[in-house]
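# Structural description and commentary
Here is what each chain is made of, one letter per residue.
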Amino acid sequence: MTKSDRERVFIFDTTLRDGEQSPGFSMNSDEKLRFALQLEKLGIDIIEAGFPVASEGDFESVQQIARKIRKPQIAALARADLPEIDQTWESIKEAANPRIHIFLSSSDIHLKHQLKKTRDQVLKEACDAVKHACAYTTNVEFSPMDATRTDMDYLCDIVEAVIAHGATTVNIPDTVGYAMPDEYGGLIAYLFANVKNINDAIVSVHCHNDLGVAIANSLSGLKQGARQVECAVNGIGERAGNASLEEVVMALKTRKDILGFQTNIKTEHIYHTSRLLTDITGIPVQPNKAIVGANAFAHESGIHQDGLIKKKITYEIMTPQTVGVSETNIVLGKHSGRHAIKEHLSNMGYNLTNDEIDKVFARFKELADVKKEVFDEDLEAIISDDVFRKPDKYKLIYLNVVSGNAAIPTATVRMEVDGETMQAADFGVGPIDATFTVIKTITKTNHKLLKYAVNAITGGADAQGVVTVQLQYDNRDVTGRGADPDVLVASAKAYVNALNRLESLKVYNHKKR
Ligand code: KIV
Ligand code: ZN
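Residues numbered from 1 in each chain as written. Chains lettered and ligands numbered in written order. Predicted model: local features only at pLDDT ≥ 70, side-chain atom pairs only at ≥ 80, totals over all residues. Heavy atoms only, no water.

This brings us to the pairing of strand 3 (residues 73–79). Counted residue by residue, strand 3 has 6 buried out of 7 residues, so it is predominantly covered. As paired strands, strand 2 (residues 46–50) and strand 3 are joined by 4 bridges and run parallel to one another. When the sheet's bridge partners are listed, G50 is paired in strand 3 with A76. Viewed along the sheet, the connection from strand 2 through helix 4 (residues 56–68) into strand 3 turns out right-handed. In this sheet, strand 4 (residues 98–105) lies alongside strand 3 in parallel orientation, the contact comprising 6 bridges. Across the sheet, residue R79 finds its bridge partner in strand 4, namely F103. Regarding the hand of the β-α-β motif, the stretch spanning strand 3, helix 5 (residues 82–92) and strand 4 is right-handed. (Buried < 20%, exposed > 50% of the residue type's maximum accessible area, 1.4 Å probe, protein only. Helix = DSSP H or I, 4+ residues; strand = E, 2+ residues; numbered from the N terminus. Pairing = 2+ DSSP bridges. Right-handed = clockwise from strand over helix to strand, strands pointing away.)

When the parts of a complex come together, some accessible area is lost, and that lost area is often used as the size of the interface. Domain boundaries assigned for the chain yield domain 1 (3–281), domain 2 (298–387) and domain 3 (394–512). Computed over C-alpha atoms, the centres of domain 2 and domain 3 are 28 Å apart. Both sides of the domain 2 and domain 3 interface together cover about 750 Å² of buried area, and 54% of this is carbon and sulfur. Taken as a group, K371, A381 and D385 account for 43% of the area that domain 2 buries against domain 3, more than any other trio of residues on that side. Here domain 2 is connected to domain 3 by 0 salt bridges. The tally of links from domain 2 across to domain 3 stands at 0 residue pairs in polar contact (both at pLDDT 80 or more). Of all the secondary-structure elements, those providing two or more residues to the side of domain 2 that touches domain 3 are helix 16 (354–370) and helix 17 (376–387). Residues of the side of domain 2 that touches domain 3, tallied by class, amount to 4 nonpolar, no polar and 6 charged. (Domains from an automatic or database assignment. Buried area = accessible area lost by both parts, 1.4 Å probe. Salt bridge = Lys/Arg side-chain N within 4 Å of Asp/Glu carboxyl O. Polar contact = N/O pair within 3.5 Å; in protein donor to acceptor, adjacent residues only side chain to side chain. Nonpolar A, V, L, I, M, F, W, Y, C, P; charged D, E, K, R; others polar.)

The subject of this paragraph is the site of ligand 1. Surveying the vicinity of ligand 1 reveals the residues R17, D18, H101, F103, S143, M145, N171, P173, T175, H206 and H208. Within the contact set of ligand 1, an oxygen atom lies 3.1 Å away from a side-chain nitrogen or oxygen of H206. Compared with its free state, where it exposes 260 Å², ligand 1 has 94% of that area covered by protein. Elements represented by at least two residues in the shell around ligand 1 include exactly helix 2 (15–19), strand 4, strand 5 (140–145) and strand 6 (169–174). Across the shell around ligand 1, the residue classes tally to 3 nonpolar, 6 polar and 2 charged. (Near = heavy atom within 4 Å. Areas by Shrake-Rupley, 256 points an atom, 1.4 Å probe, with all protein chains shown as cover.)

Note on pairing: side chains with opposite charge can pair once their charged atoms come close. Tallied over the entire structure, the rule returns 26 salt bridges. When the shortest N-O distance is used, the salt bridge between R17 and E48 registers 2.9 Å. Here R17, found in helix 2, pairs with E48, found in strand 2; they are 31 residues apart in sequence, far enough to count as distant. Residue R17 is classed as buried on the basis of its relative accessible area of 9%. The salt bridge involving K393 is made with D418; its shortest N-O contact spans 2.8 Å. Linking K393 in the loop between helix 17 and strand 9 (394–402) with D418 in the loop between strand 10 (410–417) and strand 11 (420–427), this pair joins segments that are 25 residues apart in sequence. With a relative accessible area of 26%, K393 lands in the partly exposed category. With relative accessibility at 56%, the residue D418 sits in the exposed group. If you follow the salt bridges from partner to partner, you end up with R17, D18 and E48 in one network.

At the metal site, the zinc ion (ligand 2) is ligated by D18 (OD), H206 (NE2) and H208 (NE2), and these contacts range over 2.0 to 2.1 Å. Of note, the zinc ion (ligand 2) draws all its donor residues from one chain, in the sequence arrangement D-x187-H-x1-H. One end of the pair, D18, is in helix 2; the other, H206, is in strand 7 (residues 202–207), and 188 residues separate them in sequence. Across the pair, H206 and D18 agree in class, each one buried. (Donors = N, O, S within 2.8 Å, 3.2 Å for Na, K, Ca; no water.)

So, on to the packing of aromatic side chains. Across all of its chains, the model carries 5 aromatic pairs by this definition. Relative to F103, the ring of F51 lies with its centre 6.2 Å away and its plane at 65 degrees, an arrangement referred to as edge-to-face. Of the two residues, F51 is situated in the loop between strand 2 and helix 4 and F103 in strand 4; the sequence distance between them amounts to 52 residues. The exposure class of F51 is buried, given its relative accessible area of 19%. For F103, a relative accessible area of 18% corresponds to the buried category. Aromatic pair W89 and Y136: ring centres 5.3 Å apart, planes at 15 degrees, arrangement stacked. Taken together, the residues span a long stretch of sequence, with W89 in helix 5 and Y136 in the loop between helix 7 (119–134) and strand 5 at a distance of 47 residues. By relative accessible area, W89 is classed as buried at 12%. By relative accessible area, Y136 is classed as partly exposed at 33%. (Phe/Tyr/Trp six-rings, centres within 6.5 Å; stacked < 30°, edge-to-face > 60°.)

Structure (structure tokens):
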């Protein structure tokens, strides 16, 4: 590898694998494909599409992504188990550039308490697995899980051995988010100093954020020679999540002066990618989230505003446009025509078919009748609800709620269940409780309500309410979202959306391998 190749950092996105496996972030296969298409547009080098042996649903969605996405490499995760590697290969073999990603724990803590295996056994299994995968492809990645709590010399032995057996990428996971930045960078430096064939592979970083230092650790690893970063959009992932893609990419770009790296990411698609994920999963990012939070480019203090008016550089280290946040995200109103909407959607990064634009336009007109200004966030909610939502088992048709300080909260609901119209009415502790009780009765469903939250999509008293509902059934958590100018209607929509999501995931659960 030449010096100039070494300045390039490869971005490996694991939103669809490490991210999707965390509670509440489950996606169905159409949603995963839609998100993978956006990752392709963003310029991701490697998409980790899933863990195909987890269930038939996971296998099929990895396969679908492998068939449809052509530019990025498509990786799939497998344990160091030969039949599992065979199945994993089946899921990605039609990709333009498939990668098998094998993992096996290497720390004594995991060996003793989880695997109940010796270091020699694990070393041999790692080599056998890599050798087996190399019979399918030369693009093989190996991850010694819990690397940061592994004896350093044993880690060097494993890394050297898997490279000797054909691994072309070696990933060093901080699985439990335990390492500190200097320590993590030191570990990568140690590998470069002590593994004689280290330059035959790309070294990768994979840092979890349990102590809030995932980005610092990732950058520290890069400084010591790693050239692949594993990360996830909005920082989602196991527990406190993974290093966030947008943060690592923007740190590399904004501080290129001292870091000296470049990526292939088209940063102007970052914001849209982040929004797409929150739309699909129903889980928003906190307002102060770096890069993609609602306040990331909002300047509230008078002194800051004064400085910005005089010269942007006073308080702005990167422009909102660099990440695709348009400065004027307003404003479409009831006089805006179809052409303006089409143009605006395309500026927002949506290339929709004529039929899809018709659907969005019809809903836009309805909304513009009740709301003076329609914002990008409103359009995104419409697109999610009306364009990309799969035909649902449950559909809300009618909702009437009576409540007040002298009324017993009562809801009447009419719904379609598998095309059949049904209705019922009931009381509740409050109007939301009454609505949910009736929906539960009509759908004959049984699940636990984990979370209910209301937010306003935009400012103003006429803002659409966006409701997030998290349900749990059979150990699967799903998040439903609904948007409407009426918060009660938004609540009912969110609840019904969550039920539909549970339905689509149940199909996968039944087909678990
Ligand atoms: O955190 C971790 O160790 C992982 C591996 C499977 C790469 O996600
Ligand atoms: Zn991980």
